[in-house]
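Structure at a glance
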Amino acid sequence: MSTITAPLADSAIMLRRNFKHIARTPVTVFNAALMPVVMMLIFVYVFGNAFDVGENYIDYATPGLILLAISYGLSGTAVAVSSDMAKGIINRFKVMDVSRSAVLTGHVAATILTNAVAIAAVLGVAFALGFRPSATALDWLGAIGIVAATSFAASWLTVALGMAAKTPESAGMTVVPLIMLPFVSSAVVPADKMGQGVRQFAQYQPFTPIIESLRGFLAGHPSGGYTAAALAWCAGFAIVGYLWSRATFNKRA
């Protein structure tokens, strides 16, 4: 087996292993797939009429809730990564001649696929509630690209945070900022409706350009500025997460 196909095969094995663990942990499945749907129902039916967004609220909120679907599944990844490091799984894989880096890529791939399931659930409920995007086929490809880039970047950053955590219990807390930041963005209410100070923070934090870029694609009028900023943030998160996780991995493995 070549030096390229061997790590890929090992990553596929790690991916299958991670999915078995996810299937045995109902709380992880709930956080990743069902919790975003619950949040959508709450925001649309409980708070939707309180927000003046200038359009159908479900159309406005869906892009932000897609990002929330990505965020809610991250705590399970951080805990799983930290558990692997704490339990000496890496040393076992070394004895079995398994690529050690496959542990990292396996977690990233599992997180991305879990996010895809959660996003599909959110979109399905959104369409049932009246979500009617004006996106063309090309716009949909752009939206998928933004979502994929965000999921990839968040996955690597979460893996790095999980590896840096001292215990699996503390690992889940390290991703709380990634879960909370979308709420202080334009996800569920326009930033210009917020109070002084909070408004400026919401306008310039990383998740707002990602959400606005996705919102533009789904509405059929993409913004080049927001898209460039979104991709820049995603690239930065992915690079930092990858380098940080590899450095921590080499130190602890």
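Bear in mind the structure is a predicted one, so any value in this text is a computation, not a measurement.

Scanning the chain from terminus to terminus reveals 12 helices and zero strands. Listed by position from the N terminus, the elements making up the chain come as α-α-α-α-α-α-α-α-α-α-α-α. For the chain, the proportion of its 253 residues judged to be buried stands at 48%. In the chain, once contacts between residues fewer than 6 apart in sequence are set aside, the share between residues at least 24 apart is 80%. By element, 68% of the accessible surface of the chain is carried by carbon and sulfur atoms, the whole surface being about 11900 Å².

Time to look at the packing of aromatic side chains. In this structure the tally under the stated criterion is five aromatic pairs. Pairing Phe43 with Phe183 gives two aromatic rings, centres 6.3 Å apart and planes at 35°, and the pair type is tilted. Taken together, the positions of Phe43 in helix H2 (residues 26–47) and Phe183 in the loop between helix H9 (176–180) and helix H10 (198–204) put the pair 140 residues apart, joining distant regions of the chain. Take Phe43: its relative accessible area is 9%, and that puts it in the buried class. When the ring centre of Tyr60 is taken as origin, the NZ or CZ atom of Arg215, which lies over that ring, is 3.7 Å away.

The biggest cluster of nonpolar side chains holds 51 residues, and the ones touching the most others in it are Met40, Tyr57, Leu65, Ile66, Ile119, Ile210 and Leu214. Among the elements of the structure, H2, helix H3 (57–72), helix H4 (74–86), helix H6 (101–128), helix H7 (137–164), H9, helix H11 (207–219) and helix H12 (224–252) are those that each provide at least two residues to this core. Per-element accounting of this core gives the leading share, 11 residues, to H3. Not counting chain neighbours up to four residues away, the residues in contact with Leu65 comprise Met39, Met40, Phe43 and Val122. In this structure, Leu104, Val108, Val159 and Met163 belong to the second largest nonpolar core, which totals eight residues.

Moving on, we come to the pattern of salt bridges. Considering all chains together, one arrives at one salt bridge under this definition. The salt bridge involving Arg215 is made with Glu212; its shortest N-O contact spans 2.7 Å. Linking Arg215 with Glu212, this pair stays in helix H11, spanning three residues, or about one helical turn. On the basis of relative accessible area, Glu212 is assigned to the buried category, the value being 18%.

Spanning 13 residues, H4 covers 18 Å between terminal C-alpha atoms, matching the ideal 18 Å at 1.5 Å per step. When we look at burial in H4, the residues that qualify are Leu74, Ser75, Thr77, Ala78, Val81, Ser82, Ser83, Asp84 and Met85.

Time to look at the environment of Ile210. Along the chain, Ile210 turns up in helix H11. Through-space distance from the C-alpha of Ile210 to that of Ile146 is 7.3 Å; in sequence the pair is 64 residues apart. Excluding anything up to four places from it in sequence, Ile210 contacts Leu67, Ile146, Thr150, Ala230 and Cys234.

Closest axis-to-axis distance for the H3/H7 pair is 10 Å, and the angle between their directions is 25°. Judged on the interaxial angle alone, H7 and H3 are roughly parallel. Like other packed secondary-structure pairs, H3 and H7 cross with a definite hand, here right-handed. In this structure, H3 uses Ile66, Leu67 and Ile70 to contact H7, whose residues at the interface are Val147, Thr150, Ser151 and Ala154. Looking at the contact of H3 with H7 residue by residue, the classes come out as five nonpolar, two polar and no charged.

Moving on to the packing of H6 against H7. Closest axis-to-axis distance for the H6/H7 pair is 9 Å, and the angle between their directions is 135°. The orientation of H6 with respect to H7, classified from their angle, is oblique. The way H6 lies across H7 gives a crossing that is right-handed. Of the residues in H7, those in contact with Leu104, Thr105, His107, Val108, Thr111, Ile112, Asn115, Ile119 and Phe127 of H6 are Trp140, Val147, Ser151, Phe152, Ser155, Trp156, Val159 and Met163. A per-class count over the contact of H6 with H7 returns 11 nonpolar, six polar and no charged.

Side chains that are three or four residues apart share a direction in an α-helix, a result of its 3.6 residues per turn. In this model, H11 (13 residues) spans 18 Å end to end at C-alpha, consistent with the 18 Å of a helix rising 1.5 Å per residue. By the criterion of burial, H11 is predominantly enclosed, with 12 of the 13 residues buried. Residues Phe207, Thr208, Pro209, Ile210, Ile211, Glu212, Ser213, Leu214, Arg215, Gly216, Phe217 and Leu218 constitute the buried set of H11. Two residues or fewer after H11 comes Gly220, characterised by a positive phi angle close to 90°.

Calculation criteria
One numbering rule holds for all chains: residues counted from 1, following each sequence as written. Only residues with pLDDT of at least 70 get local features here, since the model is predicted, and only at 80 or more are side-chain atom pairs given and counted; chain-wide, interface and lining totals rely on the full set of residues. Working from all heavy atoms in the structure, the side-chain values ignore hydrogens and water. Strands are runs of DSSP state E lasting at least two residues, helices are runs of H or I lasting at least four, and both sets are numbered from the N terminus onward. Each residue gets one of three labels from its accessible area relative to the maximum for its type: buried under 20%, exposed over 50%, partly exposed in between, using a 1.4 Å probe on protein chains only. By definition, residues are in contact when any of their heavy atoms lie within 4.5 Å. We get accessible surface area from the Shrake-Rupley algorithm with a probe of 1.4 Å; when it comes to residues, only the shown protein chains can shield them. Only Phe, Tyr and Trp rings take part, Trp by its six-membered ring, and two of them pair if their centres are within 6.5 Å. Stacked means planes under 30 degrees apart, edge-to-face means over 60, and tilted covers everything else. To sit over a ring, a charge needs its Lys NZ or Arg CZ within 6 Å of the ring centre and within 35 degrees of the ring normal. Buried Ala, Val, Leu, Ile, Met, Phe, Trp, Tyr and Cys residues form a nonpolar core when they are joined through side-chain atoms within 4.5 Å. Should a side-chain nitrogen of Lys or Arg be within 4 Å of a carboxyl oxygen of Asp or Glu, the pair is scored as a salt bridge. The span expected for a helix works out to 1.5 Å for each residue beyond the first. For helices, the axis comes from a line fit to the C-alpha atoms of the stretch in contact; other axes are also lines fit to C-alpha atoms, and the angle between any two N-to-C directions lies between 0 and 180 degrees. Here is the rule for angles: anything less than 35 degrees is roughly parallel, anything more than 145 is roughly antiparallel, 65 through 115 is roughly perpendicular, and the remaining ranges are oblique. Rotating anticlockwise by less than a right angle from the far helix to the near helix defines a left-handed crossing, while the corresponding clockwise rotation defines a right-handed one. Gly is placed with the polar residues, together with every amino acid not listed as nonpolar (Ala, Val, Leu, Ile, Met, Phe, Trp, Tyr, Cys and Pro) or charged (Asp, Glu, Lys and Arg).

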